[in-house]
Each structure stands twice: as structure tokens, then as C-alpha cells.
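# Observations on the three-dimensional arrangement
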Amino acid sequence: MKLRLKELLNTEQYEAASVTEGPLLIIAGAGSGKTRMITYRIAHLLELGIPQRAVLALTFTNKAAKEMEERVSQLLGKPAKRLTVSTFHAFGLQVIKRHGPLLGFRGNITVFDTQDVQALIKESAREAKISLEELNVYDIAGRFSQIKSGLASLDKETAVIRQLYEEYQSHLRTYQAVDFDDLIALPLELFSTQPEVLEEYRERFRHILVDEFQDTSRQQYQLLRMIALGHRNICVVGDDDQSIYSWRGANYENITDFETDFPEVREIKLEQNYRCTGNILTAANHLIANNAKRKVKALWTGEQEGLPLYLRTMDTESDEAGFMISKIREMKRKNRWSYGSFGILVRTNSLMNSIEHELVTENIPYSVSGGQSFFARKEVKDVIAYLRVLANPHNDIDLLRVINTPRRGLGKSTIDHLHRWAEKRGSSLYSAARDMISVDASPLTGKAKGALEELLSLLDETSRRIKQSRQMAEVLKNLLEVIEYRLHLLAEHPKNEQLGRWKYDNVLRFLQFFSQWEQDPDTGSATLYDYLNRISLSGKQEPDLREGRISLMTIHASKGLEFDCVFLPAVEEEIIPHGRSIEEDPASLEEERRLFYVALTRARQAVFISSCRTRKYLKGRRECLPSPFLEEIPKELFSHEETDAPVSTEEARDFFSELRKKLS
DNA sequence: CGAAGTATCTTTTTT
DNA sequence: AGATACTTCG
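These notes cover the structure that comes with them. Since this is a predicted model, take the numbers as computed values, not measurements. (Residues numbered from 1 in each chain as written. Chains lettered and ligands numbered in written order. Predicted model: local features only at pLDDT ≥ 70, side-chain atom pairs only at ≥ 80, totals over all residues. Heavy atoms only, no water.)

## Description of the sheet that holds strand β9 (residues 310–314)
Taken in spatial order, the six strands line up as β9-β14-β13-β10-β12-β11 in an open sheet, and their pairing is parallel. Whereas interior strands pair on both sides, the edge strands pair on one side only; in this sheet they are β9 and β11 (366–368). Between one strand axis and the next, the sheet turns by 20° as a mean value, whatever way the strands run. Across the sheet, helix α14 (residues 317–335) touches β9, β10 (342–346), β12 (550–554), β13 (563–568) and β14 (603–612), and the angle it forms with β14 is around 155°. (Pairing = 2+ DSSP bridges. Helix = DSSP H or I, 4+ residues; strand = E, 2+ residues; numbered from the N terminus. Axes fitted to C-alpha atoms, helices over the stretch in contact; angles between N-to-C directions. Contact = heavy atoms within 4.5 Å.)

## Some remarks on the nonpolar core
With 55 residues, the main nonpolar core has F375, F510 and F514 as its most contacted residues. Tallying contributions element by element places helix α16 (residues 378–391) first for this core, with nine residues. When residues no more than four places from it in sequence are discounted, the contact partners of F510 are F374, F375, V380, V383, I384, L387, L476, Y531 and I535. Residues L25, L103, L223 and L537 belong to the second largest nonpolar core, which totals 40 residues. (Core = buried A, V, L, I, M, F, W, Y, C linked by side-chain atoms within 4.5 Å. Buried < 20%, exposed > 50% of the residue type's maximum accessible area, 1.4 Å probe, protein only.)

## Some remarks on the pairing of strand β7 (residues 234–238)
With five of five residues buried, β7 is to be regarded as a mostly interior element. Alternating positions in β7 separate into two faces, I234, V236 and G238 on one and C235 and V237 on the other, with burial throughout. Looking at chain direction, strand β1 (residues 24–28) and β7 are connected through four bridges and run parallel. Residue L25 lies in a different strand from β7, and its bridge partner there is V236. As paired strands, strand β6 (residues 207–210) and β7 are joined by three bridges and run parallel to one another. Counterpart to L209 in the pairing with β7 is C235. This β-α-β element, β6 to helix α11 (residues 218–228) to β7, shows right-handed connectivity. (Right-handed = clockwise from strand over helix to strand, strands pointing away.)

## Topic: the sheet that holds strand β8 (residues 266–270)
Within the open sheet, the six strands sit side by side as β3-β2-β6-β7-β1-β8. Their pairing is parallel. Of all strands in the sheet, those with a lone pairing partner are β3 (84–87) and β8, marking the two edges. Shown here is a sheet whose adjacent strand axes are inclined to one another by a mean of 15°, direction ignored. Here strand β2 (residues 55–59) pairs with β6 via four bridges, running parallel. Bridge pairing in β6 links V55 to H207. Against the sheet, helix α5 (residues 88–98) contacts β2, β3 and β6, and its axis sits at roughly 110° relative to β3.

## What about the pairing of β12?
Within β12, five of the five residues are buried, leaving the element largely enclosed by the surrounding structure. Because side chains alternate across β12, one face comprises the buried residues I550, L552 and T554, and the other comprises S551 and M553, equally buried. As defined by bridge partners, β10 adjoins β12 across four bridges and the pair is classed as parallel. Paired with L345 across the strands is M553, a residue of β12. Alignment of β11 against β12, held across three bridges, turns out to be parallel.

## Topic: the packing of aromatic side chains
Applying the stated criterion across every chain yields a total of 23 aromatic pairs. Each ring, one from F213 and one from F258, has its centre 5.7 Å from the other, and the planes form 65°; the classification is edge-to-face. Within this pair, whereas F213 is found in the loop between β6 and α11, its partner F258 is found in helix α12 (residues 254–261), the two being separated by 45 residues in sequence. A centroid spacing of 6.3 Å and a plane angle of 50° characterise the contact between F510 and Y531, whose relative ring orientation is tilted. Remark: Y531 occurs in helix α24 (residues 528–537) and F510 occurs in helix α23 (residues 497–519); sequence separation between them is 21 residues. Y531 matches F510 in its accessibility class, with the two residues each being buried. Between the NZ or CZ atom of R622 and the centre of the ring of Y617, over which it lies, the distance is 4.0 Å. (Phe/Tyr/Trp six-rings, centres within 6.5 Å; stacked < 30°, edge-to-face > 60°. Lys NZ or Arg CZ within 6 Å of the ring centre and 35° of its normal.)

## Brief notes about helix α21 (residues 472–482)
Those residues of α21 that sit buried are M472, A473, V475, L476, L479 and L480. Angular distribution of buried residues about the axis of α21 spans 160°; they occupy a single face of the element. Residues of α21 that are buried sit in contact with α16, α20 (446–468), α22 (485–492), α23 and α24. Following α21 by one or two positions, E484 has its phi on the positive side, about 55°. (Arc of directions from axis to C-beta.)

## A look at the environment of P195
Assignment of secondary structure puts P195 in helix α10 (residues 195–204). The exposure class of P195 is exposed, given its relative accessible area of 52%. For P195 and L532, which are 337 residues apart along the polypeptide, the C-alpha to C-alpha distance reads 31 Å.

## Looking at the side chain of R594
Relative to the elements of secondary structure, R594 occurs in helix α27 (residues 589–600). When its relative accessible area of 4% is taken as the criterion, R594 is described as buried. Excluding residues within four positions of it along the chain, R594 makes contact with D240, D241, Q242, S243, I244, Y252, I288 and N291.

Written as C-alpha cells, this is what we have:
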């Protein structure tokens, strides 16, 4: 293989891909061929004889990591197995696993997701006898997260919170568990306290690449910096206009810090957009120009103007979904596109429901990606909880989830007894349960004792089998049959048999994924733990079903992707910019604008924007107005031909801006 | 004592 | 619509 980089890339891309020594900061606008450049850069490094294991490429999502790895493999003509391409979090987990003992872990580590964390906080509060009346778990989890990631100080919290935090931490330890913040914080701690470990990483990773640099957090940057200070070959790629994760600690001042930490940095701007047609790019540029805080950048395209942007206001969300479907059919026919050319991007997960409903009714193939779609569904989480208990019965959080699902007569009072027993002896709930069924003096009723005994022997038996089996999915399936999980799901929805069936289908789908993973030759000797960690780190690891299907996702999840045709429903006030986000911090208006910018720039050729007059909200309906962001886009970029429209674009816009004036 | 029924509130984005 | 807290029923 001989790469002819000069012929394959434009001047700036070429420079970015071929300068391999020293720090490099690349400001890459939307659609500027960033991924392409990075892929070639990696291939180029390897061509220079740098071993795969010396390259560390960090991305933000698993999807992006997977894609990057695939594209490099494609260029090389063989899988790039020794390359480290992963998310910060997955990399962190790898580090923690490798040096577990130094951090006080023995054996397998479990990653707790948001829900697990909240459950654990409740547990901790109960055990520390802290009343949570005034405090909600959600807020506390957020505060803990800030503390761990260094954005807040524990010292400033009340004594009660501090105590709860200690309790929470000690629980994590006993379960051999880490939360998402630990995945960054612990490696950082390790590197700071164990210079020889840091040195090992510095020596190994001679070339570091970071994608979506604008979305790295303070701590992630620190981690990165520590490793990079060894050899200083670090290339970061980002776009401040696409920073949409500041609520999660993303700190685009990292860009400035990078310039200070690496003063010899070379800076390259990629400003030619290869993705969008002229009108789309002009609209996006006008919009983003309203942000005050940004690096100056002038994205341009050599493309034609292309289609105008289409704007439409509908009565209800179901009209809107219908409108999108008919437009998709039309565009599909006209352009001979497949369903895979279309993306429907929404601001919030809840907006997906009505759209999904309509797509299902119309029998249109779609796939939901990102968000909490699949692995977070209750029925799937239940099954995962069973798996986790089978892997480690001493994990109280999962045992609690499983203990009375389906109902087996082990209610609040039995669980209270278990808690008291476990607390007194400092053991896990599982051990407590073991004790309490064998001890005569146990306070349990005969009934509860019997049920508990039955559950424990079922779990033990299954656990033994699953650990020996090459077909864990089969064993799990068997367990679900024994507990009659399907009947349980059907019984949960007495008035809606379909729903119950659908949920069981999800369970079967999960079993399918599990079995697929297990049979995959790449999986090798991976254990149940590996699988569990994998799914908690990446809810989106469903095998890629996007081909030939419409993609439905949140705008956040769409970052880094592109579609021929993009639909943006619910472009309404309170939704984008999101009411809650503005309420919390008016300064986030700029982030909301960046979100809309990201959404627009996903489109190659066509954009359909819509809003509704009323939309279902919680129990009732509420009145909606078009988003003020629409007024920041020059009118002439929108389409005016609306023969079939009850109201013309112009009329609708004027009508609503007037209405808005009246209301405000 | 647990299960089933009723009332009330809640939804921003994700590793 | 779904989760949670509280009440009533068996």
C-alpha cells in the first residue's frame, strides 16, 4: 500500500494528515472531511512504520470509534487489531482493569450506569439512615458526579451530603463497582500517584489523536495531557461550533489550554465543507453567526445552491409525522434514494414516540439509535440484572431488582429483614439471604423463607451452569422460561396484550444480541463480565441495522453522521432552545443554537423543518410557537412553493411572529 | 404481610 | 405513559 495523500486530500487536510511530529490543533468545521483526514493520518502513521500499538485514538462515542477503526482497516486492507481506538470511558475502564490492584480492586469490575447509581444512592441513604425527603436522588447523583469530576468540592457540601457520599463510595467499593465518572477520575488518580505506570503509557503511546476535542471535559483533558507530555505527538481535532455537551462537563476552553500547554502547537483550519449544498450551509452559517463566543471561521462550499430549505407548520404531531412520511416517499421516488438516506433528528427522546408510532403504522423500516432506546428498557434491564446477579450475587443493587420480579412474595418486609441482617454482619444481601434460610431463629415467615430458598437455589444452579457453558444465552433463556418471565410481562399489561408481547420480543432480541456476541469469533475468551461492561458503556452496540432504514435519533446522537435528507420536526420554542435548559442557565442559549447548527449541517442535500401549533405534552396538549432560531435564517433560503399547503410558509411565519409578540 | 388499586408527578441532551 | 408514593384489600 502506498498512500498518495497529496492527491487524496486538499492542502489543509494534507498538512493535517502528514505532519506527524509535535502537537497539532485542527479546527475542523462541519462536513470538512475530518473523519477522512483522521483515517488517512492514522494510515500514514502506520505506513511510516509506527507500530499499531503505539497509536491511541480517542473519540467521544462508540459509534465513532467503531467507524474509525473500520475505515482504517479498510485502508490497510486488513483489520487494525492492535490499534487502540476507543472512547475515553472505555479507555479508562481498560486502564482500571489492568491496574486494578493498585486502585484497590480485586477481580472483576462492574460499571454502574445512571440508574444503578441512583438506586445505590437510595440504598446508601437508607443504610446511613439519611432521610431523602428534601433531596431528590437525581440532583444528588448530579452533585456527586460534579464532585468526582472535579467541578465541585465535597467540602462545600452539608455534613449530610458528605456522609452520604462516603457511604456511596464505600458501597461502590464493596461491589467492586465504578460509576461513569470513576472511569476518568480513577485513571487520573493512578497516573498522578504512580509515576511508573504513567511512564509505561507515555512510552507506549507515541502518537495520540483526539476527535471531538471540543467535547472533552476538564478531567479528560488532564488525562490526555499527562500521557501526551511524554512525547508531545498529540493531534486534537475539534470544532467549537459543535460543542453540545457542556452540560456534561465538556469544556471547550480546553482548546485554549491546549495552546498554552503546548506552545509549539501548529494550528490548521479545515474550512471547506464537502457535505452540504450551498443553501444549507448558508443557513447554518447565518444561524451560528449569532453566537458571540466562537473562533472565527468561514465555512465555504464549492457545491451548487441546491434545494431550498423547506419549512412547514402543522396542526398536531401526528400530522407532522404524516407530513414527513409523505415527503420521504416523494423524495425517495424522485431521487431514487433508499430509506437509509433519511435522518429524522429530534431535540428530546420523548418526541420520538409519536413519530415511531406513525412509522410503525405505515410499515416503514426505521431504526432508533442513540438515546436510551433498547438496553434501558425495563424488560431488557430486568434480564440484564439477572445476568449481573449470575455473574456476582453479592451485587445488592441487581439482587434487589431481581428479587421480586416476577412477583414471588418477597415484598418490603422481607427485604427489610434482609437489610437489617446484612447490615449487622456487614455482609451482602445475598449472604444474608443464605443465612436467613438456614438459621432457625430467622424472622422470616415460612412462606417468604420458601420463596427465598427457591430463588437462591435457582440462581446458584443457573450461575454454575452459565459459568461453564459455551452457550450462555441458552442458559439465560432457560432461566427466563423457569421464572415464566413472558407470563409476567403479559400480566403486567392486562389490558394490552400487544404491549406485553412486544416487550417479550425485546427480551428475545436481547437474547439474540447476546448469543451473537457469544458466537462471534472476535469475542474469543471474553467472559460474562466483558459483555456486561460492554453494554453498560455503550447502549448503542446493537449490531448496525441502519442500512436501508430511516434513522430516528436525537440531535446529540447524530453528531458525526450525515444524511442526504434531514427532517427536523418540533423546531419550536421551548423545545429548541429547550425551555428547561434556558431556565437553568440563560447562557445555554448559545449551546442550543449550536445544537440546531449541528442538526442542519447533518444534511447533504435537503432539509425539512417543521413545527406544530399544538403538541401532546404530559397529560394534555400545549400550544407551540415556531423556534426563534428560524428567524435567524434568511427568508430567501426557504422554499415558497406550497401548492398543497393550507397556509403558506410566509403566512405561517408572519402569523406566528405576530402571535409571539402579542403573547410576550 | 404482600398484592393490587389509586393518586400524583414528571421528561434535556449521554458516557 | 410510566414511575413512585400512598391506600386498601385479601
